[in-house]
Amino acid sequence: MPSLKDLKNRIESVKSTRKITKAMQMVAAAKLRRAQEAAEQSRPYTERFNAVMAGLAASVGGSDSAPKLLSGTGSDKVQLLIVMTSERGLCGGFNSNIAKLARSHAQKLQAEGKDVKILTVGKKGRDQLKRDFGSLFIDHVDLTEVKRVGYVDAQAIAKDVLARFDAGEFDVATLFYSKFVNVVSQIPTAQQIIPATFEEEEGAEPSTLFDYEPSEEAILADLLPRGVATQIFAGLLENGASEQGARMSAMDNATRNAGEMIDKLTIEFNRSRQAVITNELIEIISGAEAL
Amino acid sequence: MADTTQFDLVSPERRLASAAVTAVQIPGADGDMTAMAGHAPTITTLRPGVLSTEGPDGTSEYVVTGGFAEITAAGVTVLAERAMPKAEVTADDMAALIKEAEEALAHAKETFVNEPGPVDDAAKLLADMVAVGDHIRI
């Protein structure tokens, strides 16, 4: 049976934990709003970009002269997994979910006899994958110092990836990130970025006949590398919003659990205090009776 | 008064402009072009340059690098990798862009030793950047 003093200390410590988790929740809520705004701001660009690319890809894609970024290298032997996670923990299952998806994907590819290479963005995912796939890591991008993800960050990653592609280091690249649905739900997603794939838009209007300047092929060749950066940027932003959303709900749970624990400890504390008082009274009374 | 067309300028990070304009002057890869209402549907890539618009609300100018412009019956959409209002561009910004282009050229020279294509492209990019820098300093 813990002493009264022990209990009191426990209650105090849980109370301060609750204060911290509560503060973290509120910070995450503010950051989430900003992250969501950033994601929304980038949406028009991404949507238009993909729509134009899809149109171009459809018209040029079939020909033999199609760029490698679109048609692929003709093989899928070497697979690059770009795993994007957060730099900080305490955000529930956010990082584990992405790592889990990447892990199962990598195991599946290995079972098929493919070579797997992994590039990590964000140190939490790196830590989780290190034990199983440490030997497959080819690079790591550290965004600890970056306060607010900008397009330049995505460009830097894209440049690195494209340089590796040009050097023939891999055939297929897949991006792993978490799609933000709402505060309680983030879906870990795998998206193939090289060779580029485009979702068919539902109910897309019949495409207008465009004049292309310079040629369609030249435009496509110019835009495909930018497309990689755009996809990575969109992934980073989704990830940012997801991370804050996950942290917010994780911290909300933590705050609630701390509250429950405080209630339980307080009841225990009161009981033992009453027991002590009763004991003292019995001692006094029996002492008086003995006289 | 001339017909207006919808003009949108978006960069990956934000939407810079969305307005009704009478004319948009676009620094296209094959040369400048001015798009007005009723222009034939066109897609062109951009070279670094100054994009200017004329409209009922006056004229505005933006420095854009990389990306493309899409001219449709519905309007003109410019997707630029980097875009900022001309007034906000500082000498430091330009210096950074030029330095980047210089590095790209040096890199291209190293990687594609006997292929003039990419090297020429990078050299042109640098020349365009420098030209923009000179242009906005006036």
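Residues numbered from 1 in each chain as written. Chains lettered and ligands numbered in written order. Predicted model: local features only at pLDDT ≥ 70, side-chain atom pairs only at ≥ 80, totals over all residues.

**Side note on the overall build of chain B**
And step 1. Of the regular secondary structure elements, chain B holds two helices and eight strands.
And step 2. Ordered by position from the N terminus, the helices and strands of chain B form the series β-β-β-β-β-β-β-β-α-α.
And step 3. Principal-axis analysis of the C-alpha atoms places the extent of chain B at approximately 55 × 30 × 25 Å.
And step 4. Across the 138 residues of chain B, 34% fall into the buried class.
And step 5. For chain B, restricting intrachain contacts to residue pairs at least 6 apart in sequence, the fraction spanning at least 24 positions comes to 51%. (Helix = DSSP H or I, 4+ residues; strand = E, 2+ residues; numbered from the N terminus. Buried ≥ 20, exposed ≤ 12 C-beta atoms within 10 Å, placed from the backbone. Contact = placed C-beta atoms within 7 Å.)

**Considerations on the domain arrangement of chain B**
It is common to give the size of an interface as the accessible area lost on bringing the parts into contact.
Residues and elements named next belong to chain B.
And step 1. By domain assignment, chain B separates into domain 1 (5-86) and domain 2 (90-137).
And step 2. One C-alpha centre belongs to domain 1, the other to domain 2; they are set 22 Å apart.
And step 3. Taken together, the contact between domain 1 and domain 2 spans seven residues of the former and seven residues of the latter.
And step 4. Breaking the side of domain 1 that touches domain 2 down by element, the ones donating at least two residues are strand E6 (49-55) and strand E7 (58-72).
And step 5. Counted by class, the side of domain 1 that touches domain 2 contains three nonpolar, two polar and two charged residues. (Domains from an automatic or database assignment. Nonpolar A, V, L, I, M, F, W, Y, C, P; charged D, E, K, R; others polar.)

**Notes on the nonpolar core**
And step 1. In this structure, Ile-82, Val-83, Phe-176 and Ile-232 of chain A together with Val-78 of chain B are the most contacted members of the largest nonpolar core, which totals 91 residues.
And step 2. Leaving out residues up to four positions away in the same chain, Phe-176 of chain A has contacts with Leu-81, Ile-82, Val-83, Met-84, Ile-98, Leu-101, Ala-102, Pro-188 and Ala-190 of chain A. (Core = buried A, V, L, I, M, F, W, Y, C linked by C-beta atoms within 7 Å.)

**Quick word on the pairing of strand E4 (residues 31-36) of chain B**
All names here are of chain B.
And step 1. By the bridge criterion, six bridges tie strand E3 (residues 23-28) to E4 in an arrangement that is antiparallel. When the bridges of E4 are listed, Gln-25 appears paired with Thr-34.
And step 2. Linking two consecutive strands that pair antiparallel, namely E3 and E4, is a turn of two residues. (Pairing = 2+ DSSP bridges.)

**Things to note about the interface of chain A and chain B**
And step 1. Contact with chain A, which involves 22 residues of that partner, is made by 22 residues of chain B.
And step 2. Listed by contribution, the elements that provide at least two residues to the side of chain A that touches chain B are helix H1 (4-60), strand E6 (211-213) and helix H6 (216-290) of chain A.
And step 3. In terms of residue count, the dominant contributor to the side of chain A that touches chain B is H1 of chain A (seven residues).
And step 4. Partitioned by chemical class, the residues of the side of chain A that touches chain B number 12 nonpolar, five polar and five charged.
And step 5. The sheet contact formed by E6 of chain A and strand E5 (residues 42-45) of chain B spans three bridges and is parallel. Its bridge partner lying in E5 of chain B, Asp-211 of chain A is registered against Thr-42 of chain B.

**Structural notes on the sheet that holds strand E4 (residues 172-182) of chain A**
Backbone-to-backbone hydrogen bonds pair the strands of a sheet. The strands run either parallel or antiparallel.
Residue and element names in this part refer to chain A.
And step 1. Reading across the sheet, the five strands line up as E3-E2-E1-E4-E5 and stay open at both edges, with mixed pairing between neighbours. Both outer strands of the open sheet, strand E3 (137-141) and strand E5 (185-194), are each paired with one neighbouring strand and no more. In this sheet, neighbouring strand axes are inclined to one another by 20° on average, regardless of whether the strands run parallel or antiparallel.
And step 2. In terms of strand pairing, strand E2 (residues 115-121) meets E3 through four bridges, oriented parallel. Among the inter-strand pairings, Leu-119 is bridged to a residue of E3, identified as Asp-139. (Axes fitted to C-alpha atoms, helices over the stretch in contact; angles between N-to-C directions.)

**A look at the packing of H1 of chain A against H6 of chain A**
All names here are of chain A.
And step 1. As a packed pair, H1 and H6 sit with axes 5 Å apart at the nearest point and diverge in direction by 160°. Between H1 and H6, the angle is such that the two are roughly antiparallel. In the crossing of H1 with H6, the sense of the turn from one axis to the other is left-handed.
And step 2. Among the residues making up the contact of H1 with H6, the classes are represented as 31 nonpolar, 16 polar and 13 charged. (Parallel < 35°, antiparallel > 145°, perpendicular 65-115°, else oblique. Left-handed = near helix turned anticlockwise from the far one by under 90°.)

**Considerations on the packing of helix H3 (residues 94-111) of chain A against helix H4 (residues 123-133) of chain A**
All names here are of chain A.
And step 1. Two numbers describe how H3 lies on H4: the axes approach to 9 Å, and their chain directions differ by 35°. The handedness of the crossing between H3 and H4 comes out as right-handed. Here Asn-95, Ser-96, Ile-98, Ala-99, Ala-102, Arg-103 and Ala-106 of H3 lie close against H4, whose contacting residues are Lys-124, Gly-125, Gln-128, Leu-129, Asp-132 and Phe-133.
And step 2. Classifying every residue of the contact of H3 with H4 gives six nonpolar, four polar and three charged.

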